[in-house]
Protein chains: 2
Amino acid sequence: MSDLNLEPLVSSGFSFAECARDGEARSCMLKTPRATIETPVFMPVGTQASVKSQTPDEVAATGARIVLANTYHLWLRPGAERVARLGGVQQFMGWPHALLTDSGGYQVFSLAKLRKIDDEGVAFRSHLSGEKKLLTPEESMRVQALLGSDIAMLLDECPAGGAERRVIEAAMKRTSAWARRSLASPSAAGQARFGIVQGGTHVDLRLAHLEDIASLPVDGVALGGFSVGEPIPEMYSALAELAPKMPRAKPRYLMGVGTPYDLLTAIGAGIDMFDCVLPTRNARNGQALTWNGRVNMKQARHSDDTTPLDVECGCPVCARFSRAYLRHLFNAEEMLGPRLLTQHNLWFYGELTRRAREAIRAGSYTSFAREASARMRERDEVKSPV
Amino acid sequence: MSDLNLEPLVSSGFSFAECARDGEARSCMLKTPRATIETPVFMPVGTQASVKSQTPDEVAATGARIVLANTYHLWLRPGAERVARLGGVQQFMGWPHALLTDSGGYQVFSLAKLRKIDDEGVAFRSHLSGEKKLLTPEESMRVQALLGSDIAMLLDECPAGGAERRVIEAAMKRTSAWARRSLASPSAAGQARFGIVQGGTHVDLRLAHLEDIASLPVDGVALGGFSVGEPIPEMYSALAELAPKMPRAKPRYLMGVGTPYDLLTAIGAGIDMFDCVLPTRNARNGQALTWNGRVNMKQARHSDDTTPLDVECGCPVCARFSRAYLRHLFNAEEMLGPRLLTQHNLWFYGELTRRAREAIRAGSYTSFAREASARMRERDEVKSPV
């Protein structure tokens, strides 16, 4: 793909182009000052400036050119000012490519103690030190500027899954007001800003909020508040209506999602960017993701299996180690087990999005996604709901 | 170094030569069916067929061509017969170089429950399953043959540190009888067998036992029962008397030792081979070993330090990451911290022995060891006894 069609986004140094389209699915190119990112893209999660157990080289080898770090965690430890003195998150962690930071809001809601939210922001106590802190839209932008990410997220209010319609409406209203305050606060050089759409699984609310957020001078539009406990079919049908109506000239990001099925479905609806702890967290629990569904490496049936985890996988783990050895590592609680499975799972997500881009360019995305999903479901080895 | 002077050891496929000598210190070459090993050499410990947190490639990159695995652990889990079916420990763990297995005795004494020792062997219950097991000299050789190591150790009785002289004498007697039974049991193709000398810090007992063990058709001679709680100067003075009297035509192995000072001292006395969990275990506790002594990466004073752990070190960790980042990883309990420090520490041990070999060849070992030790002691950053 050539860079010729790239159109500038709002923030200086960022540009974007849709390179191929297949139904609603699309493959785009996003340029940041530090990386060129082909979409659909999965962003590995490096919560505390570390993609758990992996070196930056290993993460890059999976094809990733952008990772996510959590503003809440880094703000509290080692501290945003310290990270800034040390050259920003990327310099700090030795990651030379692009970085996206969340606003900190989601973790304040899920981790902090004694939080109290009003129109000003969220007052909370650190879950580490007990220290009183106040997260406002302006503070989130200031902290993310110190962290030095390529892409900053505007602070939103994410209502709990299953919240009442009026609660969701109030959160939308507050999110809209906070988005305006965030955009009015000083912007950091070389940092793009993405707005977040709320509205639960109410399509009418989502569309109204999308219209508002899309009207702002943001570089990208994200969907927040999905995958928070709602039935998966409801998320899928909302996405099918919403994603095609998101701005075409800007990246579309579905936050915190998801499983391989979720990605295949959301890509089909026109989503460009994803992040999720699933591949890294499930790896630490012994669960591998493959083209043949999930595999639980802790099961005794692998004990004498000399075949690789996934015969179709080209990752360094599948090239070198047997299921029998991986099972032993988990059984013996050796750190190398979670490390190797994390590497495999990130490789799988990298390959899943790479093949999705290829299928979109070839005009065969629908059949690719249908066949891949069917095969994963059919052969899934884990006896639990997908 | 050319292979021309290599002399065959007892077991077929093994050969050995002293290539350089400087005082009592010496640099040798040991050839096994799977590797050529230059001594003095440090063998990283892969207790459960995994050098904790490291891939085989990373271990090999530190210069290691031989690692140690523990017979007791692998016998109990995943089981010696299983390891044999899977092609032996090296095939199982993806380590293409040489492997030494211990006899299992030491771990039976330190980990197993309800052990009962008599002349036949040691009866015990597995610390994992509670299963009753009997470790005899013959069983140890059988299990080590199944594990398929290059070098097997003959079962010995290692008395506790501080044991009475008569207890030590009884253990020597039993160790001698067990060594004979071990050597009388079937030998595995391509596997060398090393005998173990006991005797505590009693030089007269050690010399008597050395004479007995060295008289047997073993491929190498090891010193067991050191670094079990005795005062370090007592170990050093015993080594100074003992090591030079060990057979010159066979490898000399000091088991379970030790600190960088221990290695420098023992090499000076003429020891060739070492193993110890210190570099790997201390790494997991945040302690790095460097040419400037020990560094505790958990200390807050590293928080803003952009310099590498050791400016003189050529390892991938020192090339890529700052002390500030390493400190953050330990502070935030990220798995990458122990992983990176393990890699550094093994690199340091590899480099320590590499420089020792170089100094021996150059005839400057005494001054090299004195200067390195003095500098490490003087600059040691950890406030605890060395």
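Here we summarise the structure given alongside this text. Worth saying up front: this structure is predicted, and the values here are computed from it rather than measured.

This part covers the pattern of salt bridges. When charged atoms on two side chains of opposite charge get close, those side chains can pair. Residues and elements named next belong to chain A. Scanning all chains against the criterion turns up 59 salt bridges over all chains. Two residues, arginine 34 and aspartate 150, come together in a salt bridge whose shortest N-O distance is 2.9 Å. Taken as a pair, arginine 34 in the loop between β3 (25–31) and β4 (36–38) and aspartate 150 in the loop between α5 (137–147) and β11 (151–153) lie far apart in primary sequence, 116 residues in all. Its relative accessible area of 36% is what places arginine 34 among the partly exposed residues. The salt bridge involving arginine 361 is made with glutamate 38; its shortest N-O contact spans 3.7 Å.

All names here are of chain B. In spatial order, the strands read β5-β15-β14-β13-β12-β11-β7-β6; together these 8 strands make up an open sheet with parallel pairing. Taken across any chain shown, the strands that pair with only one partner, and hence form the sheet edges, are β5 (41–43) and β6 (66–69). Averaged over neighbouring strand pairs, the angle between their axes works out to 25° when direction is ignored. The sheet contact formed by β5 and strand β15 (residues 273–275) spans 3 bridges and is parallel. What sits directly across from valine 41, in β15, is methionine 273.

This paragraph deals with the relation of the copies chain A and chain B. Here two copies of a chain appear, and what relates them is a rotation about an axis with a shift along it. Superposing chain A onto chain B takes a rotation of 180° combined with a translation of 0.0 Å along the rotation axis, leaving an RMSD of 0.0 Å. What we have between these two chains is a two-fold relation. Among all residues of chain A, the minimum C-alpha distance to the rotation axis is found for A:Met335, at 4.1 Å.

Let us now look at the interface of chain A and chain B. If you look at the interface, chain A gives 37 residues, while chain B gives 37 residues. Summing both sides of the interface, chain A and chain B together bury roughly 3,300 Å²; the carbon and sulfur share of this comes to 53%. Between B:Glu334 and A:Lys52 there is a salt bridge, and its shortest N-O distance comes to 2.7 Å. Taken together, chain A and chain B are joined by 24 residue pairs in polar contact (both at pLDDT 80 or more). Counting only elements with at least two residues in the side of chain A that touches chain B, the list comes to α1 (56–61), α2 (71–85), α3 (89–93), α12 (323–331) and α13 (336–362) of chain A. Residue composition of the side of chain A that touches chain B, by class: 16 nonpolar, 10 polar and 11 charged.

In a beta sheet, neighbouring strands are held together by backbone hydrogen bonds and run either parallel or antiparallel to one another. Residue and element names in this part refer to chain A. One open sheet holds the 8 strands; their spatial order is β5-β15-β14-β13-β12-β11-β7-β6, and the pairing between them is parallel. Edge strands, defined here as strands with exactly one partner in the open sheet, are β5 (41–43) and β6 (66–69). Across the sheet, the mean angle separating the axes of adjacent strands is 25° when strand polarity is ignored. Summarising the sheet, strand β12 (residues 192–197) and strand β13 (residues 220–223) pair through 4 bridges and their orientation is parallel. The residue of β13 that forms the bridge with isoleucine 196 is alanine 222.

Here B:Ser367 shows up in helix α14 (residues 365–379). With a relative accessible area of 26%, B:Ser367 lands in the partly exposed category.

Residue and element names in this part refer to chain A. Over its 12 residues, helix α7 (residues 203–214) runs 16 Å from end to end, which matches the ideal 16 Å to within 8%, given 1.5 Å per residue. Inspection of α7 places Val203, Leu205, Arg206, His209, Leu210 and Ile213 among the buried residues, and these make up the whole buried set. End-on view of α7: buried residues confined to an arc of 150°, all on one side of the axis. Looking at the packing, one finds that the buried side of α7 touches α6 (165–184), β12, β13 and α8 (232–242).

To continue, consider the pairing of strand β8 (residues 113–117) of chain A. Residues and elements named next belong to chain A. Strand direction decides the pairing type here: β8 and strand β9 (residues 122–125), joined by 3 bridges, are antiparallel. Its bridge partner lying in β9, isoleucine 117 is registered against valine 122. The antiparallel pairing of β8 with β9 creates a hairpin that spans 4 residues between the two strands.

Our next topic: the pairing of strand β7 (residues 98–101) of chain A. Residues and elements named next belong to chain A. What you see with β7 is no split at all: Ala98 and Leu100 on one side and Leu99 and Thr101 on the other are buried throughout. As defined by bridge partners, β6 adjoins β7 across 4 bridges and the pair is classed as parallel. Pairing of valine 67 across the sheet is with leucine 99, part of β7. Examined bridge by bridge, β7 and β11 share 2 bridges and lie parallel to one another.

All names here are of chain A. At a closest axis distance of 11 Å, the pairing of α6 and α7 adopts a crossing angle of 5°. Regarding the angle of α6 to α7, the classification is roughly parallel. Contacts between α6 and α7 involve Arg165, Ile168, Glu169, Met172, Thr175, Ser176, Ala179 and Arg180 from the former and Asp204, Leu205, His209, Asp212 and Ile213 from the latter. Looking at the contact of α6 with α7 residue by residue, the classes come out as 5 nonpolar, 3 polar and 5 charged.

Residue and element names in this part refer to chain A. Helix α14 (residues 365–379) packs onto helix α9 (residues 260–269) with a crossing angle of 165° between their chain directions and a minimal axis gap of 10 Å. With respect to each other, α9 and α14 are oriented roughly antiparallel. The handedness of the crossing between α9 and α14 comes out as left-handed. From α9, Pro260, Tyr261, Leu263, Leu264, Ile267 and Gly268 reach across to α14, where they touch Tyr365, Phe368, Ala369, Ala372, Ser373, Met376 and Arg377. Taken together, the residues of the contact of α9 with α14 sort by class into 10 nonpolar, 2 polar and 1 charged.

Residue A:Pro40 is bonded to the preceding A:Thr39 through a cis peptide linkage, with omega at 0°. Its location among the elements puts A:Pro40 in the loop between β4 and β5. A positive phi is found at B:Ser53, a non-glycine position, where the angle reads about 80°. Tracing the chain through its elements places B:Ser53 in the loop between β5 and α1 (56–61). For B:Ser53, a relative accessible area of 2% corresponds to the buried category. The phi angle at B:Ser227 is positive, at roughly 60°, despite the residue not being glycine.

Mapped onto the fold, A:Gln54 is located in the loop between β5 and α1. Residue A:Gln54 is classed as buried on the basis of its relative accessible area of 3%. C-alpha of A:Gln54 to C-alpha of A:Val311: the two residues are 257 residues apart in sequence and 22 Å apart in space. Residues contacting A:Gln54, with those up to four places away along its chain left out, are A:Val59, A:Arg339, A:Thr342, A:Gln343, A:Leu346, B:Leu336 and B:Arg339. From its side chain, A:Gln54 meets the backbone oxygen of A:Arg339 in a polar contact 3.0 Å long.

What counts, and where the lines are drawn
- Residues numbered from 1 in each chain as written.
- Chains lettered and ligands numbered in written order.
- Predicted model: local features only at pLDDT ≥ 70, side-chain atom pairs only at ≥ 80, totals over all residues.
- Heavy atoms only, no water.
- Salt bridge = Lys/Arg side-chain N within 4 Å of Asp/Glu carboxyl O.
- Helix = DSSP H or I, 4+ residues; strand = E, 2+ residues; numbered from the N terminus.
- Buried < 20%, exposed > 50% of the residue type's maximum accessible area, 1.4 Å probe, protein only.
- Pairing = 2+ DSSP bridges.
- Axes fitted to C-alpha atoms, helices over the stretch in contact; angles between N-to-C directions.
- Least-squares fit on C-alpha atoms with pLDDT ≥ 70 in both.
- Contact = heavy atoms within 4.5 Å.
- Buried area = accessible area lost by both parts, 1.4 Å probe.
- Polar contact = N/O pair within 3.5 Å; in protein donor to acceptor, adjacent residues only side chain to side chain.
- Nonpolar A, V, L, I, M, F, W, Y, C, P; charged D, E, K, R; others polar.
- Expected span 1.5 Å × (residues − 1).
- Arc of directions from axis to C-beta.
- Parallel < 35°, antiparallel > 145°, perpendicular 65-115°, else oblique.
- Left-handed = near helix turned anticlockwise from the far one by under 90°.

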